[in-house]
Amino acid sequence: MEIKEERSSDEAQQFLPSSQADSLGEPQFTSIRRIANEPKLEFSLACKDLVAATRDRKLNTFIQVSVVHPAEHILTRYSSTEIVEGTRDPLFLTGVTFPPEYPIYEETKIKLTVYDVKDKSQDTVRTSVLPDHKEPRADVGRSFLGCTTFRVGDLVKSKEQQLTLTLRTSDGGKTVGTIEVNLVKMGELEDGETDHITTDTQDQKCALVRECTATEGISDKDNLPSLNAVLKNPICKLYRFPTSDNKWMRIREQMAETTLSFHVPKELINLHIKEDMRRNQELKDLGELAPHWDNMRKSVIAHCDQMLSMYQDTLAELGKHTGSSFKSSCSKGEKTLEFIPINLHLQRMHVHSPRLKDALYDVITVGAPAAHFQGFKNGGLRKLLSKFEAERRNTGYQCIYYSPENTAKAKEVLSNINHLQPLISSHADLLLNSASQHSPDSLKNSLKMLSEKTELFVHAFKDQLVRSALLALYTARPGCVLKKPAVPRNSAEEGSDLQHQDHPSQIKRQDSIPHHSEYDEEEWDRVWANVGKSLNCVIAMVDRLLEKDSISSIKEGENDPSAADCKVLRTDGDWYEQLYPLVITLKDCMGEVVTRAKQSMAFVLLQELACGLPQCLMLTLRRDIVFSQALAGLVCGFIIKLHTGLHDQGFLQQLHTVGLLVQYEGLLSTYSEEAGMLEDMAVGISDLQKVMFKVIEAKSEDFLPVITGRREHYVIEVQLPAKMFELLPQEIKEGKLLRMYPVLFNVGINEQQTLAERFGDTTLQENINQENLELLKEYYKLFTEKMPPDCLPHFQEQNDLKGLLENLHQNIQAKKRKNVEIMWLAATICRKLNGVRFTCCKSAKDRTSMSVTLEQCSILRDEHQLHKDFFIRALDCMRSRQTQGALNESDDPETGCLTDNKPTSRHFYPVALLLVSSHLLVVWLILSLALLLAKYQ
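Predicted model only: the values in this text are computed from it and were never measured. (Residues numbered from 1 in each chain as written. Predicted model: local features only at pLDDT ≥ 70, side-chain atom pairs only at ≥ 80, totals over all residues. Heavy atoms only, no water.)

**With respect to helix α10 (residues 464-475)**
Logical step 1: In a regular helix each residue adds 1.5 Å, so 12 residues correspond to 16 Å; α10 covers 17 Å between its end C-alpha atoms and thus fits that length.
Logical step 2: For α10, the tally of buried residues reaches 11 of 12 residues, placing the bulk of the element in the interior.
Logical step 3: Listed as buried for α10 are L465, V466, R467, S468, A469, L470, L471, A472, L473, Y474 and T475. (Helix = DSSP H or I, 4+ residues; strand = E, 2+ residues; numbered from the N terminus. Expected span 1.5 Å × (residues − 1). Buried < 20%, exposed > 50% of the residue type's maximum accessible area, 1.4 Å probe, protein only.)

This is the structure in structure tokens:
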């Protein structure tokens, strides 16, 4: 964010302490005392008695802030205030803040340069590339008034924590006014004296009193190593705005990158690779198949191997990535970064009001999750998935059609097998170990765990799909000829293959040419039921052993205690010897079930892949890309919300009882490529419903989240330090999975949406909003049923929530053009229900910045009594590109691209929405229609 300007040694010497200027050794600097994770230094600025070039001219002024680092002979431009118009005593609402990691010391000097802007609309970023000692040219549209410098230590150690400095011209001769520099400490009680400053605003005078009462600080909640592991490179801005009762409120605005932008996709891709490798191996383990099916399998495996190689290459490239922890908008089309979300940031507003408790307002900003590299020529996921499913169902492929529900069920069964089989085997070994140690209590506990896991295992296969798939697999074996030539499609007939080595009669039948009438439909039921019967035998034996042990111990203990001890010694090995064959039988039965079930479910997945090669794999890739981007944002939002709500028992109860509401505000149009982006985004956010969170205690200093699971079922393990973990309710500490309820409401607001509403189609947006309204109502209903009415700070407004939902319903039904009321209502409902807020547009720049800043100012007005006359000025401050400081005119700090004086893309910068005159719009429409006609002819 900084542009360093190399200056001559002599020129920079004047800003350095003489002792340091003369020393050639390593200087020692005095650090500024501060609270951990709080900015090192913050101050506000105001000018008095500025002298204009002509008497009748009203000044439009701003202050450029530059820093001279004591160890370097360079002057660094740091930031600027907003422009205050029409007064010679400007009070600047934008302050100056230095983040915790900024290298500033008591010996550091700060230079303040005041400029008079002749035409505010012509002022550009070229402000920040002019040498400080030179006056701007006349064509730049502003003039140099004066400058001054001060030492940071003088401000920090001043008794009043205030400096009054004289402004002088560049030659140091003429006095042109004064600057007041006031040290700011958020949340601290200031001295009893107040500072009355009057400012002219639209010919009205408003007395602003800098006076704050002590309130309970919340900054300590941010002082967390686990949160610092997630957020990095914060950019802070400081504002002071007047309230309706003429008091000061202070606002610290922070935007931070997150390491999760790359961490989550890399974790996810790694899981995809492991899952796909297991699937490929399961396809190879299907055994011998008839030529038609075998050729199909070879083709599927070849395509899957290519896709697997692509995932591995992408993961390798991401592993090499260094530098920024977010993907800039100009990189959205890069193949190696397609899994990474665009411009994922936390936008936080910390409000310190005179008579209200401090408050935090967080919004996660991110580019719409979409597969930009693959493009949108044929639409997005919503359309592509629907079209693909219709083609699979209606086209005569030489394979068996299984519905998406059945293929999802097959994946679930395979996942349960891979999860439960090793657990059961482990608990069986523990049972035998307890038996060998002759420990009744340990034996009971081991049996309980074994019984629970085995019952889950048995019920996992209680599905008609397994029987149907076994029959289909049987017909695909070599030499199999059925009386009915048609291949079964999700048949209700039960069956299994005939490879059961325990029965000679079955082996004989396999050697002959099998017919459908010879297929034993009940064999699978017998094999499947044998697991339960084997478990019952184990349970019965354990009960009998424990009962005998109890009786013998009582009898022999009464007659001769020493004899009881001998009895224990004599039966040391009896328990193990009697349980061992039963446990081995249980494992064998389970192994047979696993073999058959794995093969049958792998055969179902073979059909899914074979019916749509290569489109099926490409759609899976596209869905993985979109989901990866969406999940990275969700994990960031959840972690931030968990940290800020850690001391809110109502929120924690809501989290494990109901789940977390996650509201996405979409600003995409339904025209051209953005319609495809919206389709991708809708599917990606919907897929987040299958994500569960689990909070665990961190065992090391690595607090990054851990992802486990498979496609359509992921668990995110969020790690907290021990002290924080103890604050959680018992249910969360015991590992209860936490549900997410993502909802998306989209309203296109740009000029492309105007075209879509007049000449295109907005059905996509209307359908998405209607579907997600139903999801929001479902969450609200669940919330009211499970949560007590007084558990949340806003829940006393229950009738208001009902009214807001009804109002939202009416606005969605109204189908009004560019109805931004939908956005306001959805955001308000989300905040009242303790949800996580997301704002998204194409690249999380222009529209997102406008939306976030407007939302922040509206919150200040509605919740913190922002003075009505200062709403527009506060909005201008937050949007002002000037306030973010020095930028080279060819650099965009977020995109890293060369620009030609384009508006910068940080959320603090103003990016005015494109305004098109009616005449130009007509010309544009005619040209667009001509291009469309030429394209499709």
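Back to the write-up after that little detour.
**Here we look at unusual backbone geometry**
Logical step 1: Residue P614 is reached from L613 by a cis peptide bond, and omega for that bond is -5°.
Logical step 2: Although it is not a glycine, Q865 adopts a positive phi angle of roughly 60°.
Logical step 3: Tracing the chain through its elements places Q865 in the loop between α24 (846-863) and α25 (871-879).
Logical step 4: Residue class for Q865 comes out partly exposed when judged on its relative accessible area of 41%.

**A word on the pattern of salt bridges**
Logical step 1: Throughout the structure, instances matching the rule amount to 29 salt bridges.
Logical step 2: Here E317 and K320 are joined by a salt bridge, their closest N and O atoms 3.6 Å apart.
Logical step 3: Residue E317 is classed as partly exposed on the basis of its relative accessible area, which comes to 37%.
Logical step 4: Each of E275, D276, R279, D624 and R711 takes part in salt bridges that share partners, so that together they form one network. (Salt bridge = Lys/Arg side-chain N within 4 Å of Asp/Glu carboxyl O.)

**Digging into the packing of aromatic side chains**
Two aromatic rings, taken as a pair, are described by how far apart their centres are and by the angle between their planes.
Logical step 1: Applying the stated criterion to the full structure yields 16 aromatic pairs.
Logical step 2: On the numbers, 6.5 Å between centres and 40° between planes, the contact of F43 with F98 is tilted. One end of the pair, F43, is in strand β2 (residues 41-48); the other, F98, is in strand β6 (residues 96-98), with 55 residues separating them in the sequence.
Logical step 3: F43 gets classed as buried once you look at its relative accessible area, which sits at 0%.
Logical step 4: According to the relative accessible area criterion, F98 is buried, its value standing at 0%.
Logical step 5: An aromatic cluster of three or more residues is present, and its members are F43, Y78, F98, Y102 and F150.
Logical step 6: Directly above the aromatic system of Y105 lies the positively charged group of K40, at a separation of 5.8 Å from the ring centroid.
Logical step 7: Positioned above the aromatic ring of F651, the side-chain terminus of K641 is 5.5 Å from the ring centre. (Phe/Tyr/Trp six-rings, centres within 6.5 Å; stacked < 30°, edge-to-face > 60°. Lys NZ or Arg CZ within 6 Å of the ring centre and 35° of its normal.)

**Looking at the nonpolar core**
Logical step 1: Counting residues in hydrophobic clusters, the biggest one holds 85 residues, and the most contacted among them are L431, F457, F461, L579, M601 and F603.
Logical step 2: Counting residues per element, this core draws most heavily on helix α14 (residues 574-610), which supplies 17 residues.
Logical step 3: Core analysis: the second largest hydrophobic core is formed by 60 residues, L346, V635, V695 and L728 among them. (Core = buried A, V, L, I, M, F, W, Y, C linked by side-chain atoms within 4.5 Å.)

**Overview of the environment of E317**
Logical step 1: Secondary-structure assignment places E317 in helix α6 (residues 291-319).
Logical step 2: Sequence separation between E317 and T336 is 19 residues; the distance between their C-alpha atoms is 6.5 Å.

**Examining the side chain of S80**
Logical step 1: Following the sequence through the fold, S80 ends up in strand β4 (residues 74-80).
Logical step 2: Side chain to side chain, S80 and Q64 meet in a polar contact 3.2 Å long. (Polar contact = N/O pair within 3.5 Å; in protein donor to acceptor, adjacent residues only side chain to side chain.)

**Remarks on the packing of helix α23 (residues 821-832) against α24**
Logical step 1: As a packed pair, α23 and α24 sit with axes 12 Å apart at the nearest point and diverge in direction by 60°. Judged by the angle between their axes, α23 and α24 are oblique. Viewed along their axes, α23 and α24 form a crossing whose handedness is right-handed. On the side of α23, the interface is formed by W824, A827 and R831, while α24 contributes L854, E855, S858 and I859.
Logical step 2: For the contact of α23 with α24, the class distribution of residues is four nonpolar, one polar and two charged. (Axes fitted to C-alpha atoms, helices over the stretch in contact; angles between N-to-C directions. Parallel < 35°, antiparallel > 145°, perpendicular 65-115°, else oblique. Left-handed = near helix turned anticlockwise from the far one by under 90°. Contact = heavy atoms within 4.5 Å. Nonpolar A, V, L, I, M, F, W, Y, C, P; charged D, E, K, R; others polar.)

**Description of the state of the cysteines**
Logical step 1: Applying the stated criterion to the full structure yields zero disulfides.
Logical step 2: Here C616 is not cross-linked by a disulfide; its sulfur's nearest cysteine counterpart is in C304, at 8.3 Å.
Logical step 3: With relative accessibility at 6%, the residue C616 sits in the buried group.
Logical step 4: The structure places no disulfide on C857, whose sulfur is separated from the nearest cysteine sulfur, that of C877, by 8.5 Å. (Disulfide = S-S within 2.5 Å.)

**Digging into the confidence of the model for the protein**
Logical step 1: Scored by pLDDT, the protein has a mean of 79; 76% of the residues are at 70 or more.
Logical step 2: Below pLDDT 50 for its whole length, residues 123-139 participates in 49 contacts with residues either more than four positions away or in separate chains.
Logical step 3: When the criterion is pLDDT under 50, residues 482-517 qualifies, and its contacts beyond four places in sequence or with other chains add up to 86 contacts. (pLDDT = per-residue confidence, 0-100.)

**Notes on the sheet that holds strand β19 (residues 706-710)**
Logical step 1: Taken in spatial order, the 10 strands make up an open sheet running β13-β14-β15-β16-β22-β17-β21-β18-β20-β19, and their pairing is mixed. With partners counted over all chains shown, the strands left at the sheet margins are β13 (231-242) and β19, one partner each. The sheet shows a mean angle of 25° between the axes of neighbouring strands, direction not considered.
Logical step 2: Where β19 meets strand β20 (residues 713-720), five bridges bridge the pair, whose relative direction is antiparallel. Bridge pairing links I707 to I716 in β20.
Logical step 3: Here helix α5 (residues 260-284) sits on the sheet and contacts β14 (248-258), β19 and β20; the angle it forms with β19, its principal contact strand, is near 30°. (Pairing = 2+ DSSP bridges.)

**Focus on the pairing of β2**
Logical step 1: Counting buried positions along β2 gives seven out of eight residues, so the element sits mostly inside the fold.
Logical step 2: Where β2 lies against β6, three bridges are found, and the strand directions are antiparallel. Pairing of F43 across the sheet is with V96, part of β6.
Logical step 3: For β2 and strand β10 (residues 175-183), the ladder comprises six bridges, and the chain directions are antiparallel. Residue pairing for β10: A46 is matched across the bridge by E180.

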